[in-house]
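Descriptive structure summary
Chain by chain, the residues:
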Amino acid sequence: MKGTNNRRVKSMNRSTVLQYIRNQGQISKADIAQQTHLSFTAVTNIIEELISCQVICESGYDESSGGRKPQLYKLKKDRYYSVGIHLSITRIRVAILDLEGNIYAQYETVTNKDTFQTNAIILQLITCLEEAIADSKLERSKILGIGMGIPGPLNPFDGIVLSPPNMKGLESVPLKQIITDHFQLETFIEKDANLIALGEYWQGAGRGKKNVFYLDADVGIGSGLIVDSKLYHGFPYGAGEVGHGTINIDGPRCNCGNYGCLEVVASGLAIMRRVSEEIRRGADASFRAQYLADEESVTIYTILDAANDGDVLAKQLLQESARYVSIAIGNVINLLMPEIVIIGGTLTHNYTPYFELIKESALNRIFSSFAQNIHIERSELGMLGGAVGAGTLILENFFSKNLDDLLDSVHN
């Protein structure tokens, strides 16, 4: 066991050093040793290993405090890349990230209407990934893996999609294995809102925070939670379904089977349903004639554009949605007290007043003594958050687990 323990400690030390370099951008051996409490000799040996496999490189010198200027080290960002894909009801987005987490390439397409059939979903996902990788012109040997943000609930550990309410064609699909077998690349799947939270934590509004709550106000409503810098899955993996908490006990039935969920009264789907109800009752709207001529031509984007142009009905329904979401966020804050609440999704990014309506109302629903310490921010990654988070999942795995395999291959 002694040899096993020594290998484990060495592996942990390697990951710790690499994580410090990742977090700092560039850093000296002495600073790493001071912050990690490893010996200078141990840090030097690890640095040499990381340079040998081209994961890090020299990046100039720091200011001298007397004597020689210390050498700085940083990630060699073009050594490896990760691929992230986000599937939603309306869009499929792909982001290819370099080792620092910067977007190297991106790809987007409309989700096919027939994609809700299992085979069609899988085919479109594979096609999007193939096209994005081909367009990037990257060598396969430089791609660490594929991360997938998929509507939940799902089992991220076994890689199986369970029962997404708004995408029935993915029920019980072993998606991780299918994509792994096709591309021969390490693949992970995770609930899309969890990955947006992860992306915001590393690259967006959640930088520097350890406890982050993210709410996705989109065609559906999802959420993700980071506790002590780690994704929180709950037991066994179903945490973060704020969209399916009851917000109106007399509300309509949700696609999940419950009644009065936040999603069924406040999501993009809910707004489209309410538009249909109001227009059939005779309500006026700038898109009324369009709706009566072809109901399916009126999408959530039609309604958002109308609201931005001052349409009374569209604005009213978005304000109603924001009020429900603010209640849910107030409840989350009172329960969890995260350092920051981040709000994103189509409704947030395509109708400017939506975020401010939620923020103002939510802060009025929590203990006043805490309100001044709670940060509620708009997502910084925008609609690419899910794809960026999915790519970040692959980077996280590399920095924490796969480094030893790389070093072994170099030494052999």
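Right above here is the structure, for reference.
Residues numbered from 1 in each chain as written. Predicted model: local features only at pLDDT ≥ 70, side-chain atom pairs only at ≥ 80, totals over all residues. Heavy atoms only, no water.

Some words on the overall build of the protein chain
Scanning the protein chain from terminus to terminus reveals 15 helices and 15 strands. Overall size of the protein chain, expressed as C-alpha extent along the three principal axes, is 80 × 55 × 40 Å. Each of the 412 residues in the protein chain was classed as buried or not, and the buried ones make up 52%. Counting only contacts in the protein chain whose residues sit at least 6 apart along the sequence, the fraction spanning at least 24 positions is 62%. With the model as given, the accessible surface of the protein chain reaches about 19,000 Å², and the carbon-plus-sulfur share is 48%. Across the protein chain, the 38 positively charged side chains and the 47 negatively charged ones have centroids separated by 5 Å. (Helix = DSSP H or I, 4+ residues; strand = E, 2+ residues; numbered from the N terminus. Buried < 20%, exposed > 50% of the residue type's maximum accessible area, 1.4 Å probe, protein only. Contact = heavy atoms within 4.5 Å. Areas by Shrake-Rupley, 256 points an atom, 1.4 Å probe, with all protein chains shown as cover. Lys, Arg positive; Asp, Glu negative; His and termini not counted. Charge placed at Lys NZ, Arg CZ, Asp CG, Glu CD.)

A few points about the pairing of strand E5 (residues 91-98)
Where burial is concerned, most of E5 is hidden: seven out of the eight residues are buried. The pairing of strand E4 (residues 81-87) with E5 spans seven bridges and is antiparallel. Counterpart to Val83 in the pairing with E5 is Ile96. Linking two consecutive strands that pair antiparallel, namely E4 and E5, is a turn of three residues. As defined by bridge partners, E5 adjoins strand E6 (residues 103-110) across seven bridges and the pair is classed as antiparallel. Across the sheet, Val94 pairs through a bridge with Tyr107, a residue of E6. Hairpin connection between E5 and E6: a loop of four residues separates the two successive antiparallel strands, and Gly101 in this loop has a positive phi of roughly 90°. (Pairing = 2+ DSSP bridges.)

Details of the packing of aromatic side chains
With the rule as written, the count across this model stands at six aromatic pairs. Between the aromatic rings of Tyr81 and Tyr104, the centroid separation amounts to 4.8 Å while the plane-to-plane angle is 55°, which identifies the pairing as tilted. Residue Tyr81 is found in strand E4, and its partner Tyr104 is found in strand E6; the two are separated by 23 residues along the sequence. Using a relative accessible area of 6% as the deciding quantity, one classes Tyr81 as buried. A connected cluster of aromatic rings, assembled from ring pairs, spans Tyr80, Phe398 and Phe399. Positioned over the ring face of Trp202 is Arg22, at 3.8 Å from the centre of the ring. Of note, Arg323 hangs over the ring of Tyr324, and the distance from its end group to the ring centre comes to 5.0 Å. (Phe/Tyr/Trp six-rings, centres within 6.5 Å; stacked < 30°, edge-to-face > 60°. Lys NZ or Arg CZ within 6 Å of the ring centre and 35° of its normal.)

Notes on the pattern of salt bridges
In a structure, side chains of opposite charge can pair up when their charged atoms sit close to one another. Under the counting rule described, the total for this entry stands at 14 salt bridges. Salt bridges sharing common partners tie together Arg273, Arg274, Glu277, Glu278, Arg281 and Glu320. (Salt bridge = Lys/Arg side-chain N within 4 Å of Asp/Glu carboxyl O.)

A short note on helix H6 (residues 192-203)
Here H6 contains 12 residues, and its C-alpha end-to-end distance of 16 Å stays within 8% of the 16 Å for a straight helix at 1.5 Å per residue. Counting buried positions along H6 gives 11 out of 12 residues, so the element sits mostly inside the fold. Along H6, the residues classified as buried are Asp192, Ala193, Asn194, Leu195, Ile196, Ala197, Leu198, Gly199, Glu200, Tyr201 and Trp202. (Expected span 1.5 Å × (residues − 1).)

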